[in-house]
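An overview of the molecular structure
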Amino acid sequence: MKKSILLIALFGVMISLQAQDRVRERDLLGEWKLIIDLDEDEIMEDIEDDEDIPFFAEWIAESAMGLVGNILDELDIYFTFKEDGKLKVVAEIFGEREIEYTDWYINSNNEVIIGDTDNVDLDDEVWVMERGRLYAYDRNRSRRDHDAEIYMIRVD
């Protein structure tokens, strides 16, 4: 009996560790940096495994992956979450800087929604807090289905 209770408790702890963290406004306030972690090997495997893609297209894809990697190395995007659902987005690439302003809110599913809060449909991206990071998800599938892991880390 004790073993059963211990196993049930252990299973419950494992599930709770994998679940998203509760996110509150005060957890978000401040500056976050966007991280785009491409899994280039997995992307290339997918391309190579697709029999419908000709060799020339594979070669172009390999070249493009190198270019994308170089661009991502030069790209920095920062999100500053402010009170009252205001968000400042700063993008810096190749010495150029652009600043945009938008909105954000936390929905009833404990997901952070960024962008036009009046027109959110089911295909939009949501952000979920896990272990102190904000991870990007599509509403229709998990982030683990992607060839890139996209998340934000706190910088302040």
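The structure displayed is predicted, hence computed values, not measured ones.

What counts and what doesn't
Residues numbered from 1 in each chain as written. Predicted model: local features only at pLDDT ≥ 70, side-chain atom pairs only at ≥ 80, totals over all residues. Heavy atoms only, no water. Pairing = 2+ DSSP bridges. Helix = DSSP H or I, 4+ residues; strand = E, 2+ residues; numbered from the N terminus. Phe/Tyr/Trp six-rings, centres within 6.5 Å; stacked < 30°, edge-to-face > 60°. Buried < 20%, exposed > 50% of the residue type's maximum accessible area, 1.4 Å probe, protein only. pLDDT = per-residue confidence, 0-100. Contact = heavy atoms within 4.5 Å. Salt bridge = Lys/Arg side-chain N within 4 Å of Asp/Glu carboxyl O. Polar contact = N/O pair within 3.5 Å; in protein donor to acceptor, adjacent residues only side chain to side chain. Core = buried A, V, L, I, M, F, W, Y, C linked by side-chain atoms within 4.5 Å.

1. Quick look at the pairing of strand 4 (residues 96-106)
Across 8 bridges, strand 3 (residues 86-93) lies against strand 4 in antiparallel orientation. Counted as the bridge partner of V90 is I99 from strand 4. Between strand 3 and strand 4, which follow one another and run antiparallel, lie 2 residues, and F94 among them has a positive phi close to 50°. Pairing of strand 4 with strand 5 (residues 112-114) involves 3 bridges; the strand directions are antiparallel. Looking at the pairing, Y105 lines up with I113 of strand 5. Between the antiparallel neighbours strand 4 and strand 5 lie 5 residues, among them N110 with a positive phi of about 65°.

2. Section: the packing of aromatic side chains
With the rule as written, the count across this model stands at 3 aromatic pairs. Seen from their ring centres, W32 and F81 are 6.5 Å apart, and the 80° between their planes marks the pair as edge-to-face. Here W32 is found in strand 1 (residues 30-38), whereas its partner F81 is found in strand 2 (residues 75-82), with 49 residues between them in sequence. Exposure remark for W32: the relative accessible area of 1% places this residue in the buried category. Measuring from centroid to centroid gives 5.3 Å for F81 and W104, while their planes differ by 85°, and the two rings are edge-to-face. Taken together, the residues F81 in strand 2 and W104 in strand 4 connect sequence positions 23 residues apart.

3. Some words on the confidence of the model for the protein chain
Averaged over every residue, the pLDDT of the protein chain is 76; the share at 70 or more is 62%. Every residue in residues 1-18 scores below 50 in pLDDT, and together they form 0 contacts with partners more than four places removed in sequence or on other chains.

4. Quick word on the pattern of salt bridges
A complete count under the given rule lists 5 salt bridges for this structure. For D27, the salt bridge identified is with R24, shortest N-O distance 3.6 Å. By relative accessible area, which is 32% here, R24 ends up partly exposed. In this structure, R97 engages E92 in a salt bridge whose closest nitrogen and oxygen atoms are separated by 3.4 Å. You can call R97 exposed: its relative accessible area is 57%.

5. Side note on the side chain of N107
Mapped onto the elements, N107 comes out in the loop between strand 4 and strand 5. In this structure, N107 is in contact with I113 and R139, ignoring residues within four places of it in sequence.

6. Digging into the side chain of E111
Tracing the backbone shows E111 in the loop between strand 4 and strand 5. Residue E111 is classed as buried on the basis of its relative accessible area, which comes to 15%. Reaching out from E111, the side chain makes a polar contact with the side chain of N107 at a distance of 2.8 Å.

7. Focus: the nonpolar core
L28, W32, F79, F81, V112, L134 and M152 are the most contacted members of the largest nonpolar core, which has 16 residues in total. Listing elements by their share of this core, those giving two or more residues are strand 1, strand 2, strand 3, strand 6 (125-130) and strand 7 (133-138). If one sorts the elements of this core by residue count, strand 2 sits on top with 3 residues. The contact partners of F79, leaving out residues within four places of it in the chain, are G30, E31, W32, L34, L87, K88, V89, I114 and M152. The next biggest cluster of nonpolar side chains, apart from the first, holds 6 residues, and it includes I113, V126, Y137 and Y151.

8. Remarks on the environment of L34
Looking at the element boundaries, L34 is found in strand 1. The buried category is assigned to L34, whose relative accessible area is 14%. If we ignore the near neighbours within four places in the chain, the residues touching L34 are I77, F79, W127, I150, Y151 and M152.

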